[in-house]
Amino acid sequence: MALTAETESRLYRSLRVAAGAAAHLVALGFPAAVAVLARPGSSLFSWHPLLMALAFSFLMTEALLIFSPETSLLRSFSRKVRVRAHWALQLLALLCALLGLGIITYNKYLNGKGHFVTWHGLTGLLAVLYAGGQCAGGVLLLYPKLMKNWTLAKLKLYHATSGLVGYLLGCASLMLGMCSLWFTTTVTGASWYLAMLCPLITSLVIMNQVSNAYLYRKRSQH
């Protein structure tokens, strides 16, 4: 028996709600697990994985999920409030990422190791720099008159698209970090694969959210 359009719509919405709930749990659960593994304070290095997990897994994920129509924790608030919360979370994410980058750079300096010589290091550096640029680009949405030849709708679309690229870079950095010697000696077997699934799950949810927003804007223009 074929499903009606209304039933398909409800099923799709239910799946999106379930996926969004999973993303919230993963966004919080992954940094919590990293904190247990790294034991922040036990060494200078121990702060690096925690800060990066907080930046790209928790804060940045929640900053993007704020605009989800199904699973936003602030969906009952006005868009103005959600935008301000998005800004605050993104700035906190950038601060954590900069601190994490600074700590690992100084730690390598103390131990006489090379800087940014691995794919993890290079991707992490690019993700942090990109996040800084993305935050700076967000200023244009607050002052759209600075870009006279661009409509606010276009600025929002490009900001969301470039933000997705930056988020995926951050997730890629986390996954490469889980291939490091420190992580692979600490987490083994099925636990390692479960850890690798965490940034994949949140990435898929965020990509679906951004693509749906793009399609919605397309339809509203016709």
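Residues numbered from 1 in each chain as written. Predicted model: local features only at pLDDT ≥ 70, side-chain atom pairs only at ≥ 80, totals over all residues. Heavy atoms only, no water.

J.: Kindly report on the overall build of the protein, identifying the contributing residues and their values.
T.: Assigned secondary structure in the protein consists of 7 helices and 0 strands. Scanning the protein from its N terminus toward the C terminus, one meets helices and strands in the order α-α-α-α-α-α-α. In terms of C-alpha radius of gyration, the protein reaches 19 Å, essentially the compact-globule figure of 17 Å for 222 residues. Overall size of the protein, expressed as C-alpha extent along the three principal axes, is 60 × 55 × 30 Å. Within the protein, buried positions represent 36% of all 222 residues. Within the protein, counting contacts between residues at least 6 apart in sequence, those at least 24 apart form 69% of the total. Within the protein, one finds 18 positive and 4 negative side-chain charges whose respective centroids are separated by 17 Å. (Helix = DSSP H or I, 4+ residues; strand = E, 2+ residues; numbered from the N terminus. Rg over C-alpha atoms; globule rule 2.2 N^0.38 Å. Buried < 20%, exposed > 50% of the residue type's maximum accessible area, 1.4 Å probe, protein only. Contact = heavy atoms within 4.5 Å. Lys, Arg positive; Asp, Glu negative; His and termini not counted. Charge placed at Lys NZ, Arg CZ, Asp CG, Glu CD.)

J.: Can you break down a nonpolar patch on the surface residue by residue, with the values?
T.: Taken together, Leu-44, Tyr-106, Tyr-109 and Leu-110 make up a surface patch of nonpolar side chains, about 440 Å² in accessible area. Topologically, Leu-44 is positioned in the loop between helix H1 (5-38) and helix H2 (47-65). (Patch = residues over 30% accessible without salt bridge, like charges linked within 9 Å, V, L, I, M, F, W, Y side chains within 5 Å. Areas by Shrake-Rupley, 256 points an atom, 1.4 Å probe, with all protein chains shown as cover. Salt bridge = Lys/Arg side-chain N within 4 Å of Asp/Glu carboxyl O.)

J.: Break down the packing of aromatic side chains for me, citing the residues and quoting the values.
T.: Evaluated as defined, the whole model comprises 4 aromatic pairs. Both rings, one in Phe-45 and one in Trp-182, keep their centres 5.6 Å apart while their planes meet at 70°; by these two values the pair is edge-to-face. Taken together, the positions of Phe-45 in the loop between H1 and H2 and Trp-182 in helix H6 (residues 181-186) put the pair 137 residues apart, joining distant regions of the chain. Residues Tyr-106 and Tyr-109 carry aromatic rings whose centres are separated by 6.2 Å and whose planes lie at 25° to one another, so their mutual orientation is stacked. You can see Tyr-106 and its partner Tyr-109 sitting in helix H3 (residues 79-110), 3 residues apart, about one turn around the helix. An aromatic cluster is built from Phe-45, Trp-182 and Phe-183, whose rings are joined through pairwise contacts. (Phe/Tyr/Trp six-rings, centres within 6.5 Å; stacked < 30°, edge-to-face > 60°.)

J.: Report on the UniProt feature "transmembrane region" (unreviewed entry) in the protein, specifying residues and quantitative values.
T.: If you check UniProt for "transmembrane region" (unreviewed entry), the listed places come out as residues 17-38, 44-67, 87-106, 118-143, 164-184 and 190-210 in our numbering. Along residues 44-67 one finds 79% helix and 0% strand; the C-alpha atoms at either end are 36 Å apart. In this annotation, residues 164-184 is assigned 86% helix and 0% strand; the end-to-end C-alpha distance for the span is 28 Å. (UniProt positions renumbered as here; feature names shortened; annotations may be inferred.)

J.: If you had to explain H3 to someone new, which residues and values would you point to?
T.: A turn of α-helix holds 3.6 residues, and therefore any two residues three or four places apart point the same way. Compared with an ideal rise of 1.5 Å per residue, which puts 32 residues at 46 Å, H3 spans 46 Å between its outermost C-alpha atoms and is within 8% of the ideal. Two residues or fewer past H3, Gly-112 is found with a positive phi of approximately 65°. (Expected span 1.5 Å × (residues − 1).)

J.: Explain the side chain of Gln-209 to me, using residue names and the numbers behind them.
T.: Locating Gln-209 in the fold gives a position in helix H7 (residues 190-220). Side-chain polar atoms of Gln-209 contact the backbone oxygen of Leu-64, separated by 2.7 Å. Apart from residues no more than four positions distant in its own chain, Gln-209 is found in contact with Arg-16, Leu-64, Leu-65, Phe-67 and Ser-68. (Polar contact = N/O pair within 3.5 Å; in protein donor to acceptor, adjacent residues only side chain to side chain.)

J.: Break down helix H4 (residues 119-142) for me, citing the residues and quoting the values.
T.: In a regular helix each residue adds 1.5 Å, so 24 residues correspond to 34 Å; H4 covers 35 Å between its end C-alpha atoms and thus fits that length. Restricting attention to buried positions, one finds in H4 the residues Gly-121, Thr-123, Gly-124, Ala-127, Val-128, Ala-131, Gln-134, Cys-135 and Gly-138. Contacts made by the buried residues of H4 are with H2, H3 and helix H5 (152-177).

J.: Describe unusual backbone geometry, naming the residues involved and giving the relevant values.
T.: One non-glycine residue with positive phi stands out, namely Arg-39, at about 50°. Counting through the fold element by element, Arg-39 comes out in the loop between H1 and H2.

J.: Can you lay out the nonpolar core for me, pointing to particular residues and giving the numbers?
T.: Residues Phe-30, Met-52, Phe-56, Met-178 and Ile-206 are the most contacted members of the largest nonpolar core, which totals 42 residues. With 10 residues, H2 is the single largest residue contributor to this core. (Core = buried A, V, L, I, M, F, W, Y, C linked by side-chain atoms within 4.5 Å.)

J.: Tell me about the packing of H4 against H5, and please be specific about residues and values.
T.: Interhelical geometry of H4 versus H5 gives an angle of 160° and a closest axis separation of 9 Å. On the basis of the axis angle, H4 is roughly antiparallel to H5. Where H4 crosses over H5, the handedness of that crossing is left-handed. Split by residue class, the contact of H4 with H5 holds 12 nonpolar, 13 polar and 1 charged. (Axes fitted to C-alpha atoms, helices over the stretch in contact; angles between N-to-C directions. Parallel < 35°, antiparallel > 145°, perpendicular 65-115°, else oblique. Left-handed = near helix turned anticlockwise from the far one by under 90°. Nonpolar A, V, L, I, M, F, W, Y, C, P; charged D, E, K, R; others polar.)

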